Amino acid sequence: EVTTHLGELLIVMTESLPAQLPHARKILGDLCFSAGARYGEYARRYFGLPRQPEDPAAAAIEILRMSEYIFRVNPEHWGSTDAAARSGYLEGTACPWFSRPGWQPGHCGIFGQFQAGICSVFGLRYHLSSTIPKHGGSTCRVDLKPIPLRLRKDDRPPV
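Fair warning: this is a prediction, and the values are worked out from it, not measured in the lab.

## Thoughts on the packing of helix α2 (residues 24-46) against helix α4 (residues 105-121)
Interaxial distance between α2 and α4 falls to 6 Å at its minimum, and their mutual angle equals 30°. Crossing of α2 against α4: the hand is right-handed. When α2 is examined against α4, the residues R25, L28, G29, C32, F33, A35, G36, A37, Y39, G40, E41 and R44 are found in contact with a partner set consisting of G106, H107, I110, Q113, F114, A116, G117, I118, S120 and V121.

Right, here's the structure in full:
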């Protein structure tokens, strides 16, 4: 029952919160990311997945697939990984939320933050490369890539 109304709940929250709460979408996105990271870490431990698997995208995709079933996002989905590049993608058919009144392309990003949190557990960056509301078509796709390490100016090796 909860999953049936998640999309509507997100729409209602983003429509009514901005009047009382500045940056409501960012706050909701941050909450979704944190929840995804907790869920991802819990699932990683529960299923005995190593923190740094040989193919982090494959491990992340397995947990992403579980979350997609739970939240009824991209009901039919497929993906692929490249263990050497430590990357992959996941693509799927339309979720029931995007066609609801009030849905906007930004909601895909807020919803996607849950999955971004899952990917962060495996050192991956989650990127919505195509969504039906924004790009058209009949599928949505996310790319998973290693999170680049950024050195502070003081930590860079001398040239």
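## Comments concerning the side chain of T139
For T139, the location among the structural elements is in strand β4 (residues 139-146). Among the polar contacts made by the side chain of T139, one reaches the side chain of E91 at a distance of 2.8 Å. Ignoring any residue separated from it by four or fewer positions in sequence, one finds T139 in contact with W78, E91, G92, S130, T131 and I132.

## Describing the packing of helix α3 (residues 56-70) against α4
Interhelical geometry of α3 versus α4 gives an angle of 150° and a closest axis separation of 9 Å. The orientation of α3 with respect to α4, classified from their angle, is roughly antiparallel. The handedness of the crossing between α3 and α4 comes out as right-handed. Residues A60, I63, L64, S67 and E68 of α3 pack against F114, Q115, I118 and C119 of α4.

## A short note on the packing of aromatic side chains
Counted according to the given criterion, the structure contains three aromatic pairs. Ring plane angle 20° and centroid distance 6.0 Å describe the contact between Y42 and Y46, whose orientation is recorded as stacked. With Y42 and Y46 both in helix α2 and four residues apart, this pair spans about one turn of that helix. The exposure class assigned to Y42 is partly exposed, which follows from its relative accessible area of 49%. The class of Y46 is exposed, set by a relative accessible area of 59%. With 5.0 Å between their ring centres and 85° between their planes, Y46 and F47 make a pair best called edge-to-face. For F47, a relative accessible area of 47% puts it in the partly exposed group. R141 extends its terminal NZ or CZ atom over the ring of Y89, reaching a point 3.9 Å from the ring centre.

What counts and how
- Residues numbered from 1 in each chain as written.
- Predicted model: local features only at pLDDT ≥ 70, side-chain atom pairs only at ≥ 80, totals over all residues.
- Heavy atoms only, no water.
- Axes fitted to C-alpha atoms, helices over the stretch in contact; angles between N-to-C directions.
- Helix = DSSP H or I, 4+ residues; strand = E, 2+ residues; numbered from the N terminus.
- Left-handed = near helix turned anticlockwise from the far one by under 90°.
- Contact = heavy atoms within 4.5 Å.
- Polar contact = N/O pair within 3.5 Å; in protein donor to acceptor, adjacent residues only side chain to side chain.
- Parallel < 35°, antiparallel > 145°, perpendicular 65-115°, else oblique.
- Phe/Tyr/Trp six-rings, centres within 6.5 Å; stacked < 30°, edge-to-face > 60°.
- Buried < 20%, exposed > 50% of the residue type's maximum accessible area, 1.4 Å probe, protein only.
- Lys NZ or Arg CZ within 6 Å of the ring centre and 35° of its normal.

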